[in-house]
Amino acid sequence: MRRTYYYTYIMSSRTKVLYIGMTNNLERRVQQHKEGKHDSFTKEYRCHHLVWFERYATPTSAIAREKQLKGWRRARKLALIEQENLEWQDLSKDWGKSFGANQPPPAVTTDVPPPMSS
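Below, the structure is looked at part by part. Values in this document were obtained by computation on a predicted structure and should not be read as measured data.

**With respect to helix α1 (residues 26–35)**
No. 1: Along α1, the residues classified as buried are L26, R29, V30, Q32 and H33. Buried residues of α1, viewed axially, fall in a sector of 155°; they line one side.
No. 2: Buried positions along α1 lie against β1 (6–12), β2 (18–23), α2 (40–45) and β3 (49–56).
No. 3: Positive phi shows up at G36, right after α1, with a value of about 75°.

This is the structure:
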């Protein structure tokens, strides 16, 4: 049986407008953002670049992390992204080349998000 993972992620526009979301299929959801489907915010602000994500074993953990990040000030969100993606590269630009549809993208899996502080 295939294991389901849950992801908290940040999409960005070229001008660094940020969108934070959660999904159980990161590859599909990122593609939807890039195509302007299902979300008027990312379509309007052209948030088409995946700049950060984490993988979780439970939806509860991913949702908790999403809520936590949405409560942070912008400077802290930028620091989180730049901790692992200093150049703000689109982490999904080579997807489909390095792993197949049946494999989740590489990421650290965690069950417990960091403490809820802002």
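This is not the end of the story, as more comes after the structure.
**Quick word on the packing of aromatic side chains**
No. 1: Evaluation of the coordinates by the stated rule reveals four aromatic pairs.
No. 2: On the basis of an interplanar angle of 45° and a centroid distance of 6.3 Å, the ring pair of Y9 and Y19 is categorised as tilted. Separated by 10 residues along the polypeptide, Y9 in strand β1 and Y19 in strand β2 bring together distant segments of the chain.
No. 3: By relative accessible area, Y9 is classed as buried at 1%.
No. 4: Each ring, one from F41 and one from Y45, has its centre 4.7 Å from the other, and the planes form 35°; the classification is tilted. One end of the pair, F41, and the other, Y45, are both in helix α2, four residues apart, so they sit about a helical turn from each other.
No. 5: You can call F41 partly exposed: its relative accessible area is 31%.

**Regarding the environment of K43**
No. 1: Structurally, the position occupied by K43 is in helix α2.
No. 2: Using a relative accessible area of 54% as the deciding quantity, one classes K43 as exposed.
No. 3: For K43 and H33, which are 10 residues apart along the polypeptide, the C-alpha to C-alpha distance reads 7.0 Å.

**Comments concerning the pairing of β1**
No. 1: Extensive coverage of β1 is indicated by the burial of seven of its seven residues.
No. 2: As judged from the seven bridges shared by β1 and β3, these two strands associate in the antiparallel manner. Paired with I10 across the bridge in β3 is W52.
No. 3: Relative to β2, β1 runs antiparallel, the two sharing six bridges. By the bridge assignment for β2, Y7 is matched with T23.

Cut-offs applied
- Residues numbered from 1 in each chain as written.
- Predicted model: local features only at pLDDT ≥ 70, side-chain atom pairs only at ≥ 80, totals over all residues.
- Heavy atoms only, no water.
- Buried < 20%, exposed > 50% of the residue type's maximum accessible area, 1.4 Å probe, protein only.
- Helix = DSSP H or I, 4+ residues; strand = E, 2+ residues; numbered from the N terminus.
- Arc of directions from axis to C-beta.
- Contact = heavy atoms within 4.5 Å.
- Phe/Tyr/Trp six-rings, centres within 6.5 Å; stacked < 30°, edge-to-face > 60°.
- Pairing = 2+ DSSP bridges.

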